[in-house]
Structures are given as structure tokens and as C-alpha cells.
Amino acid sequence: MRFGYFDDSSREYVITDPHTPTKWINYIGTMAFGGFVDHTGGALLCKGDPTYNRITKYMQQMPSSDFKGTTLYLRIHEEDGLRVISPFYVPGLHLPDLFECRVGLGYSTIVSEMYGIRTEATIFVPLDEAREVRDIRITNMRERAVEVDAVPVVEFTHPDALKQYTNADWVPQTMQCRFCRDGVLGTLIQYPFMYRETKINYLTSNFPVSSFEADRKRFLGGNEYGTWAAPLSLAEAELSSRDAERGDTIGALLHHLGSMEPGETKRLITQLGQESSLDAARPGIDKYRSPEIVDEALAEIRAFWSTYLATLQVQTPDAAFNSTVNIHIPHQCYVARQWSRYLSYYQLGLGSRGIGMRDTSQDVLAVVPALPEEAGEVLRTLLSFQRRDGSAMHQFNPLTMEGSEGDSQEMKDRPHYYCDDHLWPILGVITYLKETGDLGFLDNVVPFYEKDKAGAPLESGTVLEHLRRGVAFTSTNVGAHGLPLLGFADWNDAVNLPEGAESLFAAHLWGRAVLELIEMYEHLGEEAEAASLRAAHDEMRQCVEEHAWDGDWYLRYFDDAGEPLGSTENVYGQIYLNAQTWAVLSGFASPDRARRAMDQANARLNTHFGLKVSTPGFDGYNPHYGGITTYPPGAKENGGIFLHTNPWAVIAETLLGRGDRAYEYYSQINPAAKNDRADEYEIEPYVYAQNVLSDEHPEAGLGRNSWLSGTASWCYQAATQWILGIRADYAGLRVAPCITGAWDGFSASRRFRGASYNITVSRGEVAAPTMTVDGEPIDGNVAPMAPAGADVEVNVILPAAG
Ligand code: GLC
């Protein structure tokens, strides 16, 4: 069963049935102002931070039929009275004759037709603006004139989103909402009393407001025994037009659009925003009342995305590959980079989660090519959360810029740091250097996290110094086998072993980072530094090879007593995917072991939904292992298909030169392929999920936690840099494909340091891959840097498949 289709020519996914198994969402704006909008017009919006400055009240846990955050009612003046309809389907729940939610890049458009009225609402946040705009076109499709009223509604939350849910007296005692006339137009402003002079939310429109409502109880009517599905106030000619001095504040503006002739369209533009005061908001409000300005703002968003996506466009024989790599994955990468794991339909945007060091360091890897400056800025910020000893804070709040130790604080008897956080930014910095060639970036001075009482940093260091300390923290904090200590956890948040445990993941990630640094030092001509890192890498490699080979695959952990996890000796968790893939990525695995380990991963972990993170899942709660055993077998980190780990398998297979298997792993998790069985998979087919229940779970195939997952960044890297093999390097653009034998080739256009590279890859009578650049043969596979503005033709011939 399907709920919609891909419309690649418009770069949209079109939902055609509103009864999706969960709300299917899209993101608008950025963390500076924005949030997500669901396919039934609900929206969760914040400015700067979803925990401390949230605007709309959107409760993910409530049923989908519920009204969430924002909606629109229309009122049709029929001969026998007023007919109230919900053009976004909720909360009225009368099925429209036509329903479409077009999930676009930076906007969603909801189209519906019911009772002869067509509504088309495009919802977006203009670039660099602190307002959500709804451009609503209402058309009379009847054969006779009809009179229609439009009532947009917003349910406000206290800006401190947690307080909204935890204090049912203080919040309503403090919330206020009043209406300010502006000629025939009007603006409703809302604030908690304490922010009256400093921070107001506003709801306004470009049409005369005939009456308004500011209080939920009055809007629903009957002491709230009226419902959102049929508010009693909408049966009256006008709303109460009374300000709210307290209570559950909402904004509802009643507009009489007047009599509409057959075919006639009225265009209602609403704005929901936040400013320090109404006076400060006014110029912007006036500006965006203009339809021309709104058209321009939407065109700017389209232009932004065209430029962003033009960084890399590919044409392969696989249409699903093209659609996801050219449109949907880069879109998701951008969104994940913006929101980290902070605000989604699953990540509630509450509490101290904030921006994740590990998560954002990985997200940024995928946006470096399109947004190098922004990526550089993000990397500097991340590094300012590194401690002087080289380890790092786990998370930070984007508004207060306060760091936190995240969930590691939850278990008092376990260490309060993660052993991988500080290593991820190294990959980010290297990616940035290779993309931009801006080696001076290494000399940027960035503070370490520790501050004195006045808030001034105790120490600062260059970016290079930060990287050095990160490397040293891991190589000096080792356990009984000489392998890095686990701390609270590594990438796998849910395995929390008592203090003294060792992590193979940390060893491998360190190994990968060190390989990259060796290459960087070689490029810088700093041979002594390169040599010392080569020796360190070799030492760790020997340690892994000596202690962590289980006979057929690599172990994943040693616990505090030196017992292995990820071994045939274990009842549960005998083999972990990351231990195999990263043994390849780190360069630690010998070629023979690398193949054997990856073959075992294939034999034991692969399912047609994707590769499991481990197997068998723990069947019972056991605090020794920590969070992993809170999940039933087959769910999340406990033997589920934690998708983020799959692209690492794709990359590992390309490093082994096995293009067919890499392609199989890549294709089997393509969300677009789930479109026809969306009733089973349940979530958006246009983005990756974080997790899918595996064959060890009775509901195998069910996806959850879409959008904010490192899966997007790594799948994008796996597809573009490792399968297609197009990756930035210090000296130029490398093209080293590892494609399936089923493809004859592909073409791609890549913008790189201001030049455009047109790449054609085909097969021919060659023994090894050959490359020409503008017709000239090249040794190796790196197309040299071209002057900015140049058009470069790159031709690669691969040996015939077989
Ligand atoms: C979640 C966390 C991420 C972690 C992963 C696996 O997605 O955000 O940091 O690596 O779970 O445990």
C-alpha cells in the first residue's frame, strides 16, 4: 500500500492519502527560526531553540487525528447555514475529494478540494527570516457564487517547552494574548507576562480581521466540551474578540473573504513570528503582507536549493539512486545538520539534548561540499566544546551554548564521558581541508570548553592543537588490553558497561582519524609528525590484531572484567556490524581478515530490510550491559537495523573492491523502495529512518525515527564518494568508482573549488581504470585543481564488468 508518489521534476514527494500511519513531516526554516510542518498542516516552531524558545504547542504523542500546533478552518455560507470544514483534513476529519501534501525543499504545499472549495496552502519560512508564512489560495470551484470565511488558528506554548507540560497552574496564570488593530487589518500578539516587553509571538494576515479569539476555552466553547473537530464558537457569526488575560492562549483570526464568483481565487497570507515587540515586528509584517514579496521569498528558497543541489548531480542507470542522491538525501543531510537530534516527530526537542558533538560532527561531513563556509563555522563551534584533556562534551544547547554530558549522567556508577565524541571532528576538519584547500583553517584559534568564573575560556588552542589532543586522549586512556577505554559508551549509546571496559569502535575510529592525519601531514610536508602517527597507528593495529580477532570476525568490546562482547563466547550479541566495517575503515584489518569479517557480517547480519547492528538481541533486561537491554530483541541498538551502520558496510565493501555487494547494501535500504509497502514501514519514504525493526522482532520492517539520523550523511558519502568514488582531495578531485557490474557507467557534474567537473565513467578494453582530463591522460585518478570558473571534462574508463 502506498500513500503518495515521487515527483522528481518538481523535487517533491506528493502525499495523496492523509491517513499516513504516522504524521509525515517536512522541515522549514532553520534552528534560528523554524521547525517542522506535518502533512496535515500542523507545525512545531521555535526560534533559536526548541526547549527554551518554542512557539507552537505540538504534542507528538497525541493521536494523529488531533490538532497539533496550527490549523485552518474554512466556513462556507450555505443556504441552510454555516458549514465548517478543515481543508488540511484535521481536525474536522471530513475526507476531501482531493488531498495532496507536496513535500518540497524548504516548503510544503497542502492542496485539498471539498464541497467545491479548493485550498492550496504553501507553508515556509523565508530565508533568514523569523516568521512562518502561509500563502493560502482559496478558489470557488462551484458553479455559483459562494461566501467563504477563513479562520487560521495557532495554539501557543510557553516558550519554556518543558514548563508547559509540567506546570498546569503557573503557565496559564502567566500567558496573555491581545489583539492590536491596524486599520482593518490586525495582529494578535502573545507572550508570557514576564516577556511582555522583550519577546512576543505574533499572528497576522493580509486580510481584514472581522473578529478574533485568544483563548482556547472560548474558542472550543461549552467549557471546552466543544472540540477542535467542531468548535462551538465557529457556529456563531463572530468570535468573541476578547483578549486573553490568562489561560490556554491561542490565536484565531476570522476573515470574511466575501462572496467569490465561480473560478475566483482569494489569496490569504498569514504570518506567525516572534520579535522583541510589535513595533519591531511591524516593518516585516507589512513587507510580507505583499503577495509579490511572498512570491519572491519562495523563489529565493527554490534558488537556494538549486544552488545547493547543483554541487553534485548524477546520472546512473538506477532511477531510484538518482532521485535520492540528487534530491532527497542531500535535503535530509541539510536538515539533520541544522537540527542535529534535537527536534523531530520523534526527538521531542525537550530537555538538554541540544546539538550532539558526535552527531553533528558526522552530519557536517555531507554538507561540506555544498556549504563549506558554514561547515567550517560549525566545526569551530564543535571544537569549542572539546575539553583541555582532549575529550569532549557530548552535547550543547544552541541558545545558551552550555555543554552537557548527555545521558552519561544517568548512571551514577559509570563514567561520564563518551570515548568517541572528540574523534569525530577530526574527520570533519580533514573533509573541510580537502574540499576547500584552506589549510590555514588549522591555525584558527578556538577555546577549549573549560571556563573561569567569569565565563572566560581557561585555554585556547589552534584547530590543529585540538585535533592533536583528541588523538592523544584516546591513545593514552586505554584499558587492560591497551585498547581505548569505553567511558560511558561509544557510537553505540546503548552499550554501557561498568568502568574499565574497552571499545573496539573507539580504536577503529581513532585509526581512521589517524590515517587521515598521516595523509594531511604528508601533504603539509611534515614528515616527522607523519612518521610518529604511522608508528602509533601500527601499535594500535597490532593490539587490535592480537586481542580482538575472535576467529572469524572482530570483537566489539571487552568489559571491565576483560570478558569479550561480540564473540562466539557470548549468548547474546555474538557479532556486531561496526566491529567488522570499522576494522576495514581503520586500516587495521589484514586483507584476509577484512574479507572474512565482512563475509560473516553478510552471513549473520544481513536481512532484506538491511544489516542488523548485532545479533542475537539480548532477551531480557540486564543492567550490566546498560541501555541496550531495555529494548526487546530486534529493536534499535539491540539487534535492530540501526540504519546508520549500513553505509559503513557499503564503504567497507568498496574499500575491499566489492562493488556488487556495496550496491546491494546501499539499494536494499533505499527508503524510496519502501513506497509501495508504506503501511508496513509506516514512515516517510523520502528520507532515511534511524531504525527499522529486524527479523528478530515480531513487527519486522517497521521503521521509526525518520529524518534526524546520521544515516543520511553516511549514505550520501557512501553513494557519492565510495560507490561513485567522487571525492575531494588535497591536490584535486579524485574519481575512483567502485560500481556494480550491472552498470555500464554513469555521469556526474561536481562543483569543486569554483570549477565545474563534468565526469563521464564508462567501461572499455582496459586492464585497470584510466583517466583523462580535458582529453589528456592522467596518472592515477585525481583530476588536478582547475582555475575557478573552469569547465573540466573528466573521463574515466573502467575495465569491462565480469
Ligand atoms: C542515536 C544517537 C547517536 C548514536 C546512535 C547509536 O542516534 O543520537 O549519537 O550514535 O543513537 O546509539
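Note that this is a predicted model, so its numbers are computed, not measured.

(A) Spotlight on the overall build of the protein. When helices and strands are tallied, the protein shows 18 helices and 42 strands. Computed over C-alpha atoms, the radius of gyration of the protein comes to 28 Å, within 12% of the 28 Å expected from 2.2 N^0.38 for 802 residues, which places it in the range of a compact globule. With respect to the principal axes defined by its C-alpha atoms, the protein has extents near 85 × 60 × 50 Å. Evaluated residue by residue, the protein yields a buried proportion of 62% over its 802 residues. Taking contacts inside the protein between residues at least 6 apart in sequence as the whole, the part at least 24 apart equals 66%. Of the accessible surface of the protein, which amounts to about 27,900 Å², a share of 50% is contributed by carbon and sulfur atoms. Charged side chains in the protein number 67 positive and 107 negative. The centres of these two groups are separated by 3 Å.

(B) Molecular detail of the site of the ligand. Looking at the ligand, the residues that line it are Arg341, Arg353, Arg358, Asp359, Trp491, Asn492, Asp493, Glu637, Phe642 and Gln690. A distance of 2.8 Å separates an oxygen atom of the ligand from a polar side-chain atom of arginine 353. The side chain of glutamate 637 places a nitrogen or oxygen atom 2.5 Å from an oxygen atom of the ligand. If you map the ligand onto the pockets, it falls in the largest pocket.

(C) Here's a closer look at helix α6 (residues 319–339). Across its 21 residues, α6 extends 29 Å between first and last C-alpha, which sits within 8% of the 30 Å expected from 1.5 Å per residue. Along α6, the helix axis deviates most sharply at valine 325, where the bend reaches about 45°. Burial runs high along α6: 19 of the 21 residues are buried.

(D) Highlighting the state of the cysteines. Summed over the entire model, instances satisfying the criterion amount to zero disulfides. The closest cysteine sulfur to the non-disulfide-bonded cysteine 333 is located on cysteine 715, 8.6 Å from its own sulfur. Taking the relative accessible area as the measure of exposure, cysteine 333 reaches 2% and is therefore buried. Here cysteine 738 is not disulfide-linked; the sulfur of cysteine 715 is the nearest cysteine sulfur, at 16 Å.

Cut-offs and rules
- Residues numbered from 1 in each chain as written.
- Predicted model: local features only at pLDDT ≥ 70, side-chain atom pairs only at ≥ 80, totals over all residues.
- Heavy atoms only, no water.
- Helix = DSSP H or I, 4+ residues; strand = E, 2+ residues; numbered from the N terminus.
- Rg over C-alpha atoms; globule rule 2.2 N^0.38 Å.
- Buried < 20%, exposed > 50% of the residue type's maximum accessible area, 1.4 Å probe, protein only.
- Contact = heavy atoms within 4.5 Å.
- Areas by Shrake-Rupley, 256 points an atom, 1.4 Å probe, with all protein chains shown as cover.
- Lys, Arg positive; Asp, Glu negative; His and termini not counted.
- Charge placed at Lys NZ, Arg CZ, Asp CG, Glu CD.
- Near = heavy atom within 4 Å.
- Polar contact = N/O pair within 3.5 Å; in protein donor to acceptor, adjacent residues only side chain to side chain.
- 1 Å grid on protein atoms, 1.4 Å probe; cavity = no way out; pocket = protein on both sides within 12 Å on 5 of 7 lines; lining within 4 Å.
- Sits in = over half its atoms within 2 Å of the grid points.
- Expected span 1.5 Å × (residues − 1).
- Bend = angle between axes of the 7 residues up to and from the residue.
- Disulfide = S-S within 2.5 Å.

Functional significance is not addressed by these values, which are geometric in nature.
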